[in-house]
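Now for the letters of each chain:
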Amino acid sequence: MKTDIIIVGCGVAGLYCALNLPKDKNIVVVTKDEASKSDSYLAQGGICVLRDEDDYTAFYEDTMRAGHYENNPDSVEIMIRSSREVINDLVSFGVCFERDGEEFTYTREGAHSRPRILFHEDETGKEITSHLLETAKNRKNVTLIENFTMVDLICEDNSCCGIIGHDLGGNYTSIYADYTVLATGGIGGLFEHSTNYRHLTGDALALALKYGIKLQHIDYIQIHPTTLYTKKRGREFLISESVRGEGAVLLNSKGERFVNELLPRDVVANAIFEEMKREGSKHVWLSLAAIPDEEIKSHFPHIYRHCLDEGYDVTKESIPVVPSQHYFMGGIDVDRYSKTSMNRLYAVGETACNGVHGRNRLASNSLLESLVFSKRAARHIMSGYTEMAMCTETTVDTSKYDGYQEKYKQAVLAAIEKEKQSRE
């Protein structure tokens, strides 16, 4: 197959990148599972936006402080300054954010000094992603291929010419393209406890290791403080940061508060781990008693219903919560235009690292960062677009991919451990 641009992944980063490319370019978007099974759909809390010029310094400082000042200042400024443009785009695609009359309603989450987060109930990610997906499906120049797993890049002289992948039946296909965009999401599938979908296993990172594509901070992995504790196996259910932003508090087994719930995520998660260790417990408790019942049911309807399904009525009782792997701040090193160290290859979203988040991501910056820098990738591709004039087409030797899933997982885990040890 030959196309102009191939995008691997159909979360907000991949879809928004496709929608910012011209309609006269043929774009193929492949995704490892069903199109609706991206972590972008799971984002509950919301998306940050610069409310006004008076908020810039505080927004910038909140992001830097949460990231332990290891953030890339240039990337942080780009993200904040581009936020209103992104919100306007989303509204034009039909995304509905909570409003009070004609004005947006803003909420606050942990480590934010003021409310600056737009939301849609407690399913903001689903609201955004579903509208982007529907718009992409209606674009005649965009072809979406589901259940297609990338196993390799097609490379020559440090230039990417496309990818190799297979469908559910194990049928391999080479897709050649002038430009390739990796938007493969996070690495939660590598961990026993994670809020991520299990099929997100860092495939793009494994291929970056294989071809010597530069990586950055791959040991910077965020633990979310509050996921619903359960003995069931599978993806953990996240209890949004905005619940604590609206007044929920963390309690130990004696019903005592032990931490400021609005501190950065890593600080709160560590405090929970310490309390669990001190008490010898498997979880702590989250009380929503300070939030009016009607607000819980209107602002957090899906959290309310899910907890009910698990046997907890959050309007009447505390719920057991435990920290789980949630987000990947590191990834494939990219510049301010999302370009990697390999020619014709871009990376956007959670699989990329432009330095916005530093050591720890500020709540609700993930959707914003993904959207801002995927749009910049699309613009940069078009600013110097040239057709590919290399890479000889060859027959795929499928035998060399036997057992690739486990090999790739182990390669990524080993690289993360090596990075941790070198930092220590």
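Report on the accompanying structure. All values derive from a computational prediction rather than experimental measurement. Throughout this description, residue numbers start from 1 for each chain and increase along the sequence as written. Totals for whole chains, interfaces and linings use all residues, but because this is a predicted model, local features are given only for residues with pLDDT of at least 70 and pairs of side-chain atoms are given and counted only at 80 or more. To obtain the side-chain values, all non-hydrogen atoms of the structure were included, while hydrogens and water were left out.

### As for the overall build of the chain
Here is the rule: Under the DSSP-based scheme used, a helix requires at least four consecutive residues in state H or I and a strand at least two consecutive residues in state E, with every element numbered from the N terminus. Based on C-alpha atoms, the radius of gyration is set beside the globule rule, defined as 2.2 Å times the residue count to the power 0.38. Under the scheme applied here, a residue whose accessible area is under 20% of the maximum for its type counts as buried, over 50% as exposed, and between as partly exposed, the area being computed with a 1.4 Å probe on protein chains only.
From N to C terminus, the chain includes 11 helices and 18 strands. Here the chain has a C-alpha radius of gyration of 21 Å; the compact-globule value for 424 residues is 22 Å, and the two agree. In terms of overall dimensions, the chain has a C-alpha envelope of 65 × 50 × 40 Å along the principal axes. Here the chain holds 424 residues, and the buried ones make up 58% of them.

### Some thoughts on the pairing of strand 9 (residues 159-166)
Keep this limit in mind: Here, strands pair whenever DSSP counts at least two bridges between them.
Most of strand 9 sits inside the fold, with 8 of its 8 residues counted as buried. Bridge count for strand 8 (residues 149-156) against strand 9 is 7 bridges, and the pairing is antiparallel. Bridge pairing links T149 to H166 in strand 9. Taking the residues between adjacent antiparallel strands as the criterion, strand 8 and strand 9 are bridged by 2 residues, where D157 takes a positive phi near 50°. Following strand 9, the chain reverses through 5 residues before pairing antiparallel with strand 10 (residues 172-182); G170 in that reversal takes a positive phi of roughly 80°.

### Digging into the sheet that holds strand 13 (residues 249-251)
Sheets are built from strands that pair by backbone hydrogen bonding, the pairs being arranged parallel or antiparallel. The line we're drawing: Note on method: axes are straight lines fitted to C-alpha atoms, helices fitted across the in-contact stretch only, with angles between N-to-C directions ranging 0 to 180 degrees.
Spatially, 4 strands are ordered 12-15-14-13 in an open sheet, and the strand pairing comes out antiparallel. Both edges of this open sheet fall to strand 12 (221-228) and strand 13, since each of them pairs with a single strand only. Strand-to-strand, the axes of this sheet are offset by a mean angle of 45°, without reference to chain direction.

### Topic: the pattern of salt bridges
Basically, it comes down to this: A side-chain nitrogen of Lys or Arg and a carboxyl oxygen of Asp or Glu constitute a salt bridge if their distance falls within 4 Å.
Going through the model one piece at a time under the given rule, you end up with 23 salt bridges. Here E70 makes a salt bridge to R359, at a shortest N to O gap of 3.0 Å. Of this pair, E70 sits in the loop between helix 2 (56-66) and helix 3 (73-92) while R359 sits in the loop between strand 18 (352-353) and helix 10 (366-383); the two residues are 289 residues apart in sequence, bridging distant segments of the chain. Judged by relative accessible area, R359 falls into the partly exposed class, the value being 33%. One salt bridge in this structure joins E241 and R244, with 3.4 Å as the shortest N-O distance. Linking E241 with R244, this pair stays in helix 6 (residues 241-245), spanning 3 residues, or about one helical turn. Given a relative accessible area of 3%, R244 falls into the buried group. A single salt-bridge network, built from bridges that share partners, covers D52, D55, E61, D62, R65, R114 and R116.

### Observations concerning the packing of aromatic side chains
Formally: In summary, the pairing rule links any two rings of Phe, Tyr or Trp, Trp by its six-membered ring, whose centres are within 6.5 Å, and it sorts them by plane angle into stacked for under 30 degrees, edge-to-face for over 60 and tilted for everything else. By definition, being over a ring means that NZ of Lys or CZ of Arg is both within 6 Å of the ring centre and within 35 degrees of the ring normal.
This structure, assessed with the given rule, holds 5 aromatic pairs. K25 extends its terminal NZ or CZ atom over the ring of Y385, reaching a point 3.8 Å from the ring centre. A cation sits over an aromatic face here: R235 above Y197, 5.2 Å from the ring centre.

### A word on the packing of helix 1 (residues 12-19) against helix 10
Using the following cut-off: The hand of a helix crossing depends on one turn: near helix anticlockwise from the far one by less than a right angle means left-handed, and clockwise means right-handed. Should any heavy atoms of two residues lie within 4.5 Å, those residues are counted as being in contact. Gly counts as polar in this scheme, as do all residues outside two lists: the nonpolar Ala, Val, Leu, Ile, Met, Phe, Trp, Tyr, Cys and Pro, and the charged Asp, Glu, Lys and Arg.
Close contact between helix 1 and helix 10 brings their axes to 8 Å; oriented N to C, the two are set at 35°. The handedness of the crossing between helix 1 and helix 10 is right-handed. From helix 1, V12, A13, Y16 and C17 reach across to helix 10, where they touch L367, S370, L371, S374, K375 and A378. Along the lines of polarity and charge, the residues of the contact of helix 1 with helix 10 split into 7 nonpolar, 2 polar and 1 charged.

### So, the sheet that holds strand 16 (residues 331-333)
In spatial order, the strands read 11-16-18; together these 3 strands make up an open sheet with mixed pairing. Looking at which strands have only one partner, the edges of the open sheet turn out to be strand 11 (215-216) and strand 18. Bridge count for strand 11 against strand 16 is 2 bridges, and the pairing is antiparallel. Looking at the pairing, Q216 lines up with G331 of strand 16. Contacting strand 11 and strand 16, helix 5 (residues 203-211) runs over the sheet at an angle of about 45° to strand 16.

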